[in-house]
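Survey of secondary and tertiary structure
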Amino acid sequence: MKNRVKRYILPEQDVPTQWYNIVADMKTKPMLPLNPATKQPLTAADLYPLFARELADQEMNEKDAFIDIPDEVRELYKNYRCTPLVRAYELEEALGTPAHIYFKNESVSPIGSHKINSAIPQAYYCKKEGITNITTETGAGQWGAALSYAASAFDLELAVYMVKISYEQKPYRRSIMQTFGAQVIPSPSMSTKAGRKVLTNTPNSSGSLGIAISEAVELAMNTENCKYTLGSVLNHVTLHQTVIGLEAIKQMEMTGEYPDVVIGCFGGGSNFGGISFPFMRNNIKNGYKTRFVAAEPASCPKLTKGVFQYDFGDEAGYTPLLPMFTLGHNFSPANIHAGGLRYHGAGVIASQLLKDKMMEAVDIPQLESFEAGCLFARAEGIVPAPESNHAIAAAIREANACKESGEKKVILFNLSGHGLIDMASYDRYLTGDLTNHFMSDDDIAKNIEKIEKFV
Ligand SMILES: *Cc1c(COP(=O)(O)O)cnc(C)c1O
């Protein structure tokens with residue numbers, strides 16, 4: 001065996017000093033969010049009641065391609081950044097592919113996923129504005145866990161609405177949040193109007209991110225000195241995640257190669273955008289031809305089978321109307337184990353990019369995702385998060401296509417998190433207890449019909 005380089009490591013001083021805002025470079029800007037009552041476009045100021053001001057400003061920023069990372073945030077990034085870029089030699093060998101496969105390892109963060117990249121700045125900006133309390137929702141618990149840490153770092157009180165199915169499937173994520181001092185409430189709950197309404201209609205509801213968002217928004221609106229925070233979907237969240245791709249660009253330079261295809265799993269789009277957008281800048285500005293592939297679960301196929309339309313981000317309809325690929329805000333996805341991918345809509349930026357064919361999407365059945373995750377674990381020694389398994393499965397499809405064609409493509413995917421707190425899900429896969437969930441075209445059509453036509 002040659003003296004080959006496995007991991008490409010950047011020193012601490014290479015932690016990015018700015019985030020990349022792709023909106024500034026997009027030829028077709030995303031359509032603006034709308035006030036659901038008046039149908040008028042919203043400004044950043046309209047978002048101030050709900051979000052910290054600087055976050056609202058970032059959300060609406062169309063002109064600055066690069067936005068400074070505050071020193072306080074960068075210092076906390078140094079707890080785990082820069083993260084390694086890894087050449088997956090063993091996976092390549094297991095597949096017998098001529099492709100070169102790299103992954104950016106965000107699972108090394110102390111909380112286990114990329115979510116912390118946005119949790120730190122969100123908590124920081126709230127603190128800076130004198131906020132004392134924050135609320136949020138969490139699916140699998142990754143966002144809640146990351147924000148619990150960030151809230152404790154900045155001395156904020158945090159209430160987390162956790163999707164009930166995950167609260168039951170992933171009790172240790174709840175323990176992590178509580179360890180950091182957060183209050184965790186299973187959603188739907190009786191503590192909000194939105195939660196009570198769902199429980200009245202569907203007493204056995206296992207919850208959804210859409211419902212949990214409604215509850216967290218309602219609590220923030222009714223609590224003094226309290227802001228709401230979101231772990232995905234929104235532009236400012238994806239902005240923060242671009243530290244992933246900005247580091248990866250430098251690390252790919254160290255390898256002497258450049259990716260032909262960049263892959264991320266897709267819940268609301270933040271880790272996908274985080275790894276992709278800095279590379280996509282080269283497509284927009286310099287005529288590069290890299291492909292960008294979002295991998296979503298077949299049970300929640302908003303990118304591959306949804307419609308591009310204005311829709312709400314939450315179940316109760318409290319949020320602004322957002323132009324997105326959606327399956328309808330009332331859509332309740334199957335109880336798959338990739339809790340972080342169970343969301344009805346896609347972020348606004350990724351939705352516009354998909355519409356403009358700047359990126360692609362594939363949908364991955366649950367069993368294929370776990371099969372890919374187990375193959376990766378055995379090859380590379382890391383048990384991936386069930387969400388990340390979707391990116392791995394998409395990377396394996398690309399690598400297998402290279403095996404057919406003999407092409408030596410360079411494949412880069414984001415390992416968004418590890419699965420060490422998701423072993424109950426692996427247990428069920430390994431004992432043959434998991435099944436695939438597909439939405440029939442009929443079900444999708446029926447669901448989409450229910451979305452109100454606003455514009
Ligand atoms: C939340 C989560 C996702 C999905 O969210 P995105 O905003 O689409 O990145 C993916 N992977 C992991 C590990 C997560 O925790």
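Residues numbered from 1 in each chain as written. Predicted model: local features only at pLDDT ≥ 70, side-chain atom pairs only at ≥ 80, totals over all residues. Heavy atoms only, no water.

This brings us to the overall build of the chain. Across its full length, the chain carries 19 helices and 15 strands. Since a compact globule built from 455 residues should have a radius of gyration of about 23 Å, the 20 Å found for the chain is in line with a globular shape. Out of the 455 residues belonging to the chain, those deemed buried represent 64%. Sequence-distant contacts in the chain: of pairs separated by 6 or more residues, those separated by 24 or more amount to 77%. For the chain, the exposed surface amounts to about 17,100 Å²; the carbon and sulfur share of it is 50%. Seen as two clouds, the 44 positive and the 51 negative side-chain charges of the chain have centres 2 Å apart. (Helix = DSSP H or I, 4+ residues; strand = E, 2+ residues; numbered from the N terminus. Rg over C-alpha atoms; globule rule 2.2 N^0.38 Å. Buried < 20%, exposed > 50% of the residue type's maximum accessible area, 1.4 Å probe, protein only. Contact = heavy atoms within 4.5 Å. Areas by Shrake-Rupley, 256 points an atom, 1.4 Å probe, with all protein chains shown as cover. Lys, Arg positive; Asp, Glu negative; His and termini not counted. Charge placed at Lys NZ, Arg CZ, Asp CG, Glu CD.)

Another aspect to go through is unusual backbone geometry. Going from Arg81 to Cys82, the amide bond is cis rather than trans, its omega being 0°. Take Cys82: it is sitting in the loop between helix H3 (71–77) and strand E4 (85–87). A positive phi angle, close to 65°, is found at Lys39, a residue other than glycine. Note that Lys39 resides in the loop between strand E2 (18–20) and helix H1 (44–47). We note that Asp155 has phi near 60°; this positive angle belongs to a residue other than glycine. Position of Asp155 relative to the elements: it lies in the loop between helix H6 (142–153) and strand E7 (157–163). By relative accessible area, Asp155 is classed as exposed at 62%.

Our focus in this paragraph is the environment of Gly432. Mapped onto the elements, Gly432 comes out in the loop between helix H18 (423–430) and helix H19 (441–449). Sequence-wise, Gly432 and Tyr102 are 330 residues apart; in three dimensions their C-alpha atoms are separated by 30 Å.

Moving on to the environment of Leu234. Relative to the helices and strands, Leu234 is located in the loop between strand E9 (226–228) and helix H11 (235–241). Taking the relative accessible area as the measure of exposure, Leu234 reaches 10% and is therefore buried. Separated by 79 residues in the primary sequence, Leu234 and Gly313 place their C-alpha atoms 9.6 Å from one another. Excluding residues that lie within four positions of it along the chain, Leu234 makes contacts with Phe51 and Glu59.

Within the largest apolar cluster, 40 residues are counted, with the highest numbers of intra-cluster contacts made by Trp19, Tyr77, Ile120 and Ile134. Those elements giving two or more residues to this core turn out to be H3, helix H5 (116–128), H6, E7 and helix H8 (171–179). Setting aside chain neighbours within four positions, we find Tyr77 in contact with Val15, Trp19, Ile69, Asn117, Ile120, Pro121, His240 and Val243. In terms of nonpolar packing, the next biggest core, distinct from the first, is built from 34 residues, Ala65, Ala248, Phe272 and Phe325 among them. (Core = buried A, V, L, I, M, F, W, Y, C linked by side-chain atoms within 4.5 Å.)

Now for the site of the ligand. What surrounds the ligand is a group of 18 residues, the closest being Lys115, Ser232, Gly267, Ser270 and Asn271. Separating an oxygen atom of the ligand from a side-chain N or O atom of Ser232 is a distance of 2.4 Å. In the complex, the protein chains occlude 97% of the 380 Å² of accessible area that the ligand would expose alone. Of the residues in the shell around the ligand, the class split is 4 nonpolar, 12 polar and 2 charged. (Near = heavy atom within 4 Å. Polar contact = N/O pair within 3.5 Å; in protein donor to acceptor, adjacent residues only side chain to side chain. Nonpolar A, V, L, I, M, F, W, Y, C, P; charged D, E, K, R; others polar.)

A word on the sheet that holds strand E6 (residues 133–138). Adjacent strands of a sheet form backbone hydrogen bonds with each other and so pair up, either parallel or antiparallel. Across the sheet, 4 strands lie side by side as E8-E7-E6-E9; this open sheet has parallel pairing. In the strand order of this sheet, the two ends are held by strand E8 (183–187) and E9, each with one partner. Strand after strand, the sheet turns through a mean of 20° between neighbouring axes, direction not considered. Summarising the sheet, E6 and E9 pair through 3 bridges and their orientation is parallel. Along E9, the bridge assignment pairs Thr135 with Tyr228. (Pairing = 2+ DSSP bridges. Axes fitted to C-alpha atoms, helices over the stretch in contact; angles between N-to-C directions.)

Another aspect to go through is the side chain of Ser148. In this fold, Ser148 is placed in helix H6. Setting aside anything within four residues of it in sequence, one finds Ser148 in contact with Leu158, Met177, Phe180 and Ala182.

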